[in-house]
Each structure stands twice: as C-alpha cells, then as structure tokens.
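# Chain and residue survey
Okay, here's what each chain looks like letter by letter:
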Amino acid sequence: MNHPIKRICALLAALLTAFSFSACANLREPGAEDGGEGENGILSPDENGAQPGAQTETHGGDWWELSRAGVSVPVPAAYLDNQDKVYMEFADELYEDEGVSYGYVGFYPASYEEITRMSEDEVYDLIDRAFYPVMVFGIDGGRGESDLAAWLDSDGWDAPSSLTAVGKAGDWTFFRGVFGASENSYEGETGKIADEIAAALADAAQFQYSEPAAESQLPVPSVAGRIVSFSTEDVYGNPVTAEDVFSGNEITVVNVWASWCPPCQAELPDLADLHTRLGEKNCGVIGILYDAGDGTGLEDGIAHMESAGVNYPVLIPDADLYTAFPLYAFPTTYFVDSTGQIVGDSVVGANVPGYESAVNDLLAGK
C-alpha cells in the first residue's frame, strides 16, 4: 500500500523529518493542557487521547476532528484505557484543485513513552508495522466510487479491496477505504487491544461528516483583546517582562516557533530584516522559542538564530506565555500593542510579507 503516513506531514514522521511547505504541526491540542515533551520532540497525549496531527483538534476531548478530510472520529475507550501500551495518531489532507480529501487514524504497537526513546530507524520500522483502522476519502461534485477509484490509481495508491459510501456533506460524498494495512495483524495483548479499537471504529455511521476545510479556513484560536503578562528570560538568560518588550513599540510582531521546524528556521533571516524595517515605524519583532520551555530546543534554537543573524529578542516561554499564545501550527505569529494587548488576527505558517502587511494595517487603524 502507498502508506498515507509517507505522503503527508503526519505526526510520527513529522517529528523526525519535521517539514512542510509553510508550517509544521503543532503537537499540542489547542486549549488542552500540555502533556509534556519527550526526548525526540513528541508531545504526550492528554488523558482524553488528544494528540493532534497537522490539521486536527478534538470535540470536547473525545473526538478526533480531521478538518481537511471532512470527518470526525470518536476516540475509542479501548485506546484511552491502554495508552501505556499502544499509540494512535491521525492526519488529513485536502486536494482542493482535484476535489478529493482523505483522513486516517493509525495504530502503533508501542506506547508514547516507548516511542520517545526510539531511534529514527526504529520509528520508521514502527510506521511500517502500523495498521489503519480508519481511512476515509471524500470526493466532491456528485462524483462516486468509480471516480474516486480512478483518482486513487492516478495518484499512485494501491487498489483498495473495497470502497464503501459512508456519508455526505454538501456536494461531498465520503467513502471508507479498506487496504491491506487496514487489517490488524498483531498478536497477544497488543492484538486484543487493536481488535477492540478496530471494533469500536467499525461502524462509520457514527462518524461526523462535513465539507472539508482548506487550510486557511481551519479554526485558529482567536485571542484578540487578551492582555499578555509574563516574566521570563530570553534564550541567553536575561530577565524579560511583557512591559520590557511591548511598551516601547506601537505594534510588536510575536513569532512563536520551534527549533525543529524548517519553515520556522527558513524565515528567521527575513524576520531579522523585518525587525530592522519595523524599527523605523516604532515597531519590532520578538520570538518565542516554544521548545525551549523545557530546555530541549534551546541549544539548537540558538544555533539557528545565530546562523540567521537574528537581531531581536527571543524568549523562553513560561506558563503565562504558553497560555497567552495558543498554537495551531509552527510558526504562528501574533501582534501585540504597546499596552500588551493582542490585536488583529494571528497568522499561521511562515509569511513575513503577511506579518508586515498586518502591522501596516494595524498602524493605519484597519
């Protein structure tokens, strides 16, 4: 099978290769308590099994929402009860120009803690041994099974053993696909858990369907109006408060990034140039190195900063900063006025021209 996990920036692969066109997945549920970060950068799932991939969040902690696929999947109790033994991840993709989407839920025969201690080769071996109890495709325009089968063939997928219509939303029709990797081949206790999870997800009628959302339409936490207050240190150990960084600027661009995120790294030189230009308008840039909060990304982050010629403050997040700036993906950029109030809309993904445009609009009162 043409494994979907090798086709998109899905969680486990993204943790190691960590790339996408403009943004990297935020491996933390929006609005959820952080479960803590492991040795290879994996953020642990919370007690509700929340562990979003690139375009996912949960409904009240008990649904996996694959927004770009147009499907929401209930989190099985068998997974919630056995997170010390197995791990599940999920992701989605939307091909807007082709009117096709897909989402999947994958099962791995190892716990989160075990995965965090694995080498890259061991993680990819784990991926090869995964099975996918849920794989749902959407196709628009009133097209049907034969159209979807033709698209799968043209896109390089192995032929599914079955495609079954399972739902509709607007002019989208959704099909559940069964491939070789959809079958549980595990034995012993792991096999029993996998069977229970597969049984819980067997009836696609329980899933919720909606028209797939393009990336720009996905829900991004809105925190405009929030007052930001913190007392932390920059990456070099200097004490910094909210008043220190915000009071001297009419607008401050707050760029939240991670050391392992290539789009974040790539925009650092442009952010340095932006900081220089904004200085002429009594504005500026600060960075928040998200994975420096527990020290894991500090050394690599500083190396990337120094290589890029970063000329603006980069802070180590404390609890107040984590709360103030919720994330959907890395990088996410916010705008804060001189009083410490978040203003305007956040920008998801690397887009320095977009940041500058947003600052100009805010200065002009738009």
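## Topic: the overall build of the chain
The secondary structure content of the chain amounts to 11 helices and 18 strands. Of the contacts made within the chain by residues no fewer than 6 positions apart, 72% connect residues no fewer than 24 positions apart.

## Here we look at the nonpolar core
Of all hydrophobic cores here, the largest spans 55 residues; its most connected members are Trp64, Phe107, Phe137, Leu148 and Phe207. Looking at which element gives the most residues to this core, the answer is strand β7 (residues 131-139), with seven residues. What Leu148 contacts, discounting residues up to four positions off in sequence, is Val100, Phe137, Ile139, Leu163 and Phe175. Core analysis: the second largest hydrophobic core is formed by 50 residues, Val310, Tyr312, Ile342 and Val347 among them.

## Section: the side chain of Thr332
Tracing the backbone shows Thr332 in strand β17 (residues 332-337). Here Thr332 falls in the buried class, since its relative accessible area comes to 0%. Beyond its immediate sequence surroundings of up to four residues, Thr332 is in contact with Val254, Asn255, Val256, Pro326, Leu327, Ser346, Val347 and Val348.

## Regarding helix α11 (residues 352-363)
In this model α11 runs 17 Å from its N-terminal to its C-terminal C-alpha over 12 residues, within 8% of the 16 Å that 1.5 Å per residue would give. Here α11 has its buried residues at Val352, Gly354, Tyr355, Glu356, Ala358 and Val359. Regarding α11, its N-cap is Asn351, as a side-chain oxygen of that residue lies 2.9 Å from the backbone nitrogen of Gly354 further along. Following α11 by one or two positions, Gly365 has its phi on the positive side, about 80 degrees.

## A look at the sheet that holds β17
Read from one edge to the other, the open sheet built from seven strands follows the order β12-β11-β15-β14-β13-β17-β18, with strand pairing classed as mixed. Strands with a single pairing partner mark the edges of an open sheet, and in this sheet they are β12 (239-241) and β18 (347-348). Relative to β17, strand β13 (residues 251-257) is paired through six bridges, and the arrangement is antiparallel. The partner of Val256 across the bridge, within β17, is Thr332. Packed onto the sheet, helix α8 (residues 262-279) meets β13 and β14 (284-289) and runs at close to 150 degrees relative to β14.

## What to know about the pattern of salt bridges
Tallied over the full model, the rule gives six salt bridges. Of the charged contacts in the structure, one is a salt bridge between Asp84 and Lys85, with a shortest N-O distance of 3.4 Å. Residue Lys85 is classed as partly exposed on the basis of its relative accessible area, which comes to 28%. Notably, a salt bridge pairs Asp125 with Arg129, separated by 3.2 Å at the nearest N-O pair. When salt bridges that share partners are traced, they join Asp84, Lys85 and Glu189 into one network.

## Section: the packing of aromatic side chains
Counting across every chain of the model gives 18 aromatic pairs. Ring geometry for Trp64 against Tyr79: centres 6.0 Å apart, planes inclined by 55 degrees, an arrangement best described as tilted. Of the two residues, Trp64 sits in strand β3 (residues 63-66) while Tyr79 sits in helix α2 (residues 77-80), which places them 15 residues apart along the sequence. The burial state of Trp64 is the same as that of Tyr79; both residues are buried. With centroids separated by 6.1 Å and ring planes inclined at 90 degrees, the aromatic side chains of Phe230 and Phe246 adopt a geometry described as edge-to-face. With Phe230 in the loop between β10 (208-209) and β11 (231-234) and Phe246 in helix α7 (residues 242-246), this residue pair connects regions lying 16 residues apart in the sequence. Exposure remark for Phe230: the relative accessible area of 5% places this residue in the buried category. By relative accessible area, Phe246 is classed as buried at 1%. Every member of this aromatic cluster is reached through a ring pair, and the members are Tyr95, Tyr102, Phe137, Trp151, Trp157 and Phe179.

## Details of the confidence of the model for the chain
With 80% of its residues at a pLDDT of at least 70, the chain reaches an overall mean of 81. Contacts of residues 1-21 to residues separated by more than four positions or lying in other chains number 74 contacts, the stretch itself having pLDDT below 50. Across residues 25-61, confidence stays below pLDDT 50; counting only partners more than four residues off in sequence or on other chains, it has 111 contacts.

## Some thoughts on the sheet that holds strand β6 (residues 100-108)
The sheet built from five strands is open, its strands ordered β5-β6-β7-β9-β8 with antiparallel pairing. The strands lining the two open edges of the sheet, one partner per strand, are β5 (87-95) and β8 (162-169). Taking each pair of neighbouring strands and ignoring which way they run, the sheet shows an average axis angle of 20 degrees. Sheet topology places β7 next to strand β9 (residues 172-178); four bridges connect them, and they run antiparallel. Following the sheet pairing, Phe137 is matched in β9 by Phe175. Against the sheet, helix α6 (residues 188-200) contacts β5, β6 and β7, and its axis sits at roughly 150 degrees relative to β6.

What counts, and where the lines are drawn
- Residues numbered from 1 in each chain as written.
- Predicted model: local features only at pLDDT ≥ 70, side-chain atom pairs only at ≥ 80, totals over all residues.
- Heavy atoms only, no water.
- Helix = DSSP H or I, 4+ residues; strand = E, 2+ residues; numbered from the N terminus.
- Contact = heavy atoms within 4.5 Å.
- Core = buried A, V, L, I, M, F, W, Y, C linked by side-chain atoms within 4.5 Å.
- Buried < 20%, exposed > 50% of the residue type's maximum accessible area, 1.4 Å probe, protein only.
- Expected span 1.5 Å × (residues − 1).
- Polar contact = N/O pair within 3.5 Å; in protein donor to acceptor, adjacent residues only side chain to side chain.
- Pairing = 2+ DSSP bridges.
- Axes fitted to C-alpha atoms, helices over the stretch in contact; angles between N-to-C directions.
- Salt bridge = Lys/Arg side-chain N within 4 Å of Asp/Glu carboxyl O.
- Phe/Tyr/Trp six-rings, centres within 6.5 Å; stacked < 30°, edge-to-face > 60°.
- pLDDT = per-residue confidence, 0-100.

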